Amino acid sequence: MLSSAAVVLTLVSFACGENPAVQVLLTNKGLQYGKHVGAGWIQDKLTQITLPDISGKVFGIHFTLTGTTITKCDFPEPTVEFYQNATGFKSSISGLSAALTGEWTTAFGLIHDSGTFSMALFSVDVTWVVSLGNDSGGHLSVTSNGCDALIGNMDIQLRGGASWIFKPILAHYMGRLKDEIQSKICLFVQASVVSMEHHLQLMNVSFDVDQFLTLDLPLTGSPLIDASSLNLGLKGEFYNTKTHKDPPFKAQPFTLPDQPGYMLSLGLSEYTVNSASYGYYSAGLLQTLINDSMIPPSFPVRLNTSSMGPFIPQLPKKFPGLLMKLQVYAREVPLFSFQPGAVKLNLKGAVKAFAIQPNGTQTPLFKLNVDTDFSGKVWIADGKLKGSMGMNNLTLTLASSEVGPFQTAALEKLAKMGSAMLMGKINAELGKGVNLPRMKQAELVNAILKMNQGFITISSDAQV
């Protein structure tokens, strides 16, 4: 019966005192959908369950009902609600009926007997409460916080052995037998909670993205629950797998807007994206080498000292007829900022130029600082995350030179021309989009994306 809650926790799952950079909000719509899916799953699984043994003593005769299985069950869809008093869920089933079969054994001194039985339970009502929390490792935790079971009526038929003798004796025990079964129902609920807790403790809270980055997603505190939603705050930090250095900036608080028309909402802070940027930067990965073979054939300038002569007149005089190589790298951590309707990126880079001598030696020529500002948009369409971006500004300044001073205005114009060609290719790829993440047993549907100050919100329904 706890599987309704298990489905809900699976849909929203996955160091205290810090601001969460990722928030997951489950609305009442999502809770009810999880309940519906869970009820169907339970209906399918009930006939595969063997219930705990029931033992007792009547007039000195010990008896045991064992190997009890459910052969048929009329399982009404349960009710489930967010329960603030216990920071969790409150669920109930009303009017459940079930047919069960199993074996009975009796012992009276040295006399033993056995046979089979069939049992019918009518108008069974069960109510239980589970509480949510978090452990020291950032895992979501779940504990049982109360259970009540009431059987309206029951009937039992014994077959085999001396059942005709034992049946009237058992009739005197029916009240106590009903109490025993009611307690077993709650023990089964509690065991299900323990099993769910064990499953949650085994879930990873860190995931390797590639050989350089790891995404850390432990809970930053206990879940927040009100009458209409459940909010999980996650750390949401990328870090360099080798150094595990924290970024020199902190996650800022943000409030995820309620979206009752959707099952789930995900809030992603700009801190998460910037921590990934810092992870790559601190690993020395935000750099590349460019040679002439990488320049498009249609580009009017080649990467050699002769072709660069109009921009740097002294270059072909000092180093005539040599190929060149450029080392392009970030001078500082590239930082993204999320604003209503737009993503901004400030990139401070540098370009070191080298002349390649006939013997392969690389001779330093000059260094340029490149400061650029980009803006872009992201949206969801056709089940894919898509985007576009444009360059707002590009400025070149001469940082150092082994060939003497020169003006950068013409080079800046050339760089803007090359950047425009590059942006066209980037936007063509961004326009194709990437598929939204899909969980093992669920996918997001009808998703929308909204840019906010400092964070992005994705609201969606889910389909199991």
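Just so it is clear, the model here is predicted, and its values are computed rather than measured.

Q: Would you mind going over the sheet that holds strand S10 (residues 213-216) with me for this structure?
A: Within a sheet, adjacent strands bond to each other through the backbone by hydrogen bonds, running parallel or antiparallel. Strand order in the open sheet made by the three strands is S9-S10-S13, with antiparallel pairing throughout. Two strands close off the open sheet at either side, each with one partner strand: strand S9 (206-208) and strand S13 (237-240). The sheet shows a mean angle of 25° between the axes of neighbouring strands, taken without regard to direction. Summarising the sheet, S10 and S13 pair through four bridges and their orientation is antiparallel. Residue pairing in the sheet places Thr-214 in a bridge with Tyr-239 of S13. Strands in contact with helix H5 (residues 270-282) are S10 and S13; relative to S13, the strand with the most contacts, it is inclined by about 5°.

Q: Could you clarify how one ought to interpret the environment of Phe-299 in this entry?
A: Within the secondary structure layout, Phe-299 lies in the loop between strand S15 (287-291) and helix H6 (314-318). For the pair Phe-299 and Ser-375, spaced 76 residues apart in the sequence, the C-alpha separation amounts to 25 Å. When residues no more than four places from it in sequence are discounted, the contact partners of Phe-299 are Leu-414, Met-417, Gly-418 and Met-421.

Q: Help me understand the pairing of strand S22 (residues 443-452), please; the structure alone is not making it clear to me.
A: On any regular strand, side chains alternate: one points to one face of the sheet, the next to the other face. By the bridge criterion, eight bridges tie S22 to strand S23 (residues 455-463) in an arrangement that is antiparallel. Paired with Asn-452 across the bridge in S23 is Phe-455. Between S22 and S23, which pair antiparallel in sequence order, lie two residues; one of them, Gly-454, sits at a positive phi of approximately 95°.

Q: Explain helix H7 (residues 409-432) to me, please; I cannot follow it from the model alone.
A: Every α-helix winds through 3.6 residues per turn, so residues three or four apart in the chain are directed the same way. Counted at 1.5 Å a residue, the expected span for H7 with its 24 residues is 34 Å, and the 35 Å between its end C-alpha atoms agrees. Residues of H7 that are buried: Leu-411, Glu-412, Leu-414, Ser-419 and Met-423. For H7, the elements touching its buried residues are strand S19 (362-381) and strand S20 (384-401). Of the residues one or two after H7, Gly-433 is the one with positive phi, at around 80°.

Q: Sorry, what's going on with the packing of aromatic side chains here?
A: Where two aromatic rings form a pair, the distance of their centres and the angle of their planes describe that pair. For the coordinates displayed, the defined rule picks out five aromatic pairs. Aromatic side chains Phe-249 and Tyr-278 sit 6.5 Å apart centroid to centroid with 80° between the ring planes, which places their arrangement in the edge-to-face category. With a gap of 29 residues between them, Phe-249 in the loop between S13 and strand S14 (264-269) and Tyr-278 in helix H5 connect regions that are remote in the sequence. Put simply, the rings of Phe-249, Tyr-271 and Tyr-278 touch in pairs and so form one group of aromatic residues.

Q: Would you take a moment to explain the state of the cysteines for this structure?
A: Taken as a whole, this structure holds one disulfide when the rule is applied. Paired through a disulfide, Cys-147 and Cys-186 show a sulfur-sulfur distance of 2.2 Å. Judged by the sign of its S-S torsion, about -80°, the bond between Cys-147 and Cys-186 is left-handed. Within this pair, whereas Cys-147 is found in strand S8 (residues 140-159), its partner Cys-186 is found in helix H4 (residues 174-202), the two being separated by 39 residues in sequence. Here Cys-147 and Cys-186 have matching classes, each one buried. Here Cys-73 is not cross-linked by a disulfide; its sulfur's nearest cysteine counterpart is in Cys-147, at 16 Å.

Q: Looking at this model, I keep getting lost on the confidence of the model for the protein. Mind explaining?
A: Low-pLDDT stretches of the model should not have their predicted coordinates read in fine detail. Of the residues in the protein, 96% have a pLDDT of 70 or more, and the chain-wide mean is 89. In this model, residues 1-17 is a region of pLDDT below 50 whose contacts with residues beyond four sequence positions or in other chains number 63 contacts.

Q: What is the right way to look at the nonpolar core in this model?
A: A general feature of soluble globular proteins is that nonpolar side chains tend to end up buried together. One finds Leu-65, Met-119 and Ile-181 to be the most contacted residues of the largest nonpolar core, which totals 68 residues. Per-element accounting of this core gives the leading share, nine residues, to H4. By size, the runner-up hydrophobic cluster in this structure holds 25 residues, among which are Leu-315, Ala-355, Leu-365 and Leu-394.

Q: Could you clarify how one ought to interpret the pairing of S14 in this entry?
A: The pairing of strand S1 (residues 22-27) with S14 spans five bridges and is classified as antiparallel. Looking at the pairing, Val-24 lines up with Leu-266 of S14. Note that S14 and S23 share six bridges and pair antiparallel. Bridge assignment links Leu-264 to a residue of S23, and that residue is Ser-460.

Q: Looking at this structure, I do not really get the side chain of Glu-237. What am I missing?
A: The topology assignment puts Glu-237 in strand S13. Contacts of Glu-237, omitting those with residues within four sequence positions, involve Thr-214, Leu-215, Asp-216, Asp-246, Pro-247, Tyr-271 and Ser-275.

Q: What am I meant to see in H5 here?
A: Its 13 residues place the ends of H5 18 Å apart at the C-alpha level, agreeing with the 18 Å of an ideal helix rising 1.5 Å per residue. Where H5 is concerned, the buried positions are Tyr-271, Thr-272, Asn-274, Ser-275, Ala-276, Ser-277, Tyr-278 and Gly-279. Those residues of H5 that are buried lie in contact with S1, S10, S13, S14 and strand S17 (335-339). Two or three places before Tyr-271, at the opening of H5, Ser-269 has a side-chain oxygen 3.0 Å from that residue's backbone nitrogen. Note on H5: the residue one or two positions beyond its end, Gly-284, has a positive phi of about 75°.

Cut-offs applied
- Residues numbered from 1 in each chain as written.
- Predicted model: local features only at pLDDT ≥ 70, side-chain atom pairs only at ≥ 80, totals over all residues.
- Heavy atoms only, no water.
- Pairing = 2+ DSSP bridges.
- Helix = DSSP H or I, 4+ residues; strand = E, 2+ residues; numbered from the N terminus.
- Axes fitted to C-alpha atoms, helices over the stretch in contact; angles between N-to-C directions.
- Contact = heavy atoms within 4.5 Å.
- Expected span 1.5 Å × (residues − 1).
- Buried < 20%, exposed > 50% of the residue type's maximum accessible area, 1.4 Å probe, protein only.
- Phe/Tyr/Trp six-rings, centres within 6.5 Å; stacked < 30°, edge-to-face > 60°.
- Disulfide = S-S within 2.5 Å.
- pLDDT = per-residue confidence, 0-100.
- Core = buried A, V, L, I, M, F, W, Y, C linked by side-chain atoms within 4.5 Å.
- Polar contact = N/O pair within 3.5 Å; in protein donor to acceptor, adjacent residues only side chain to side chain.

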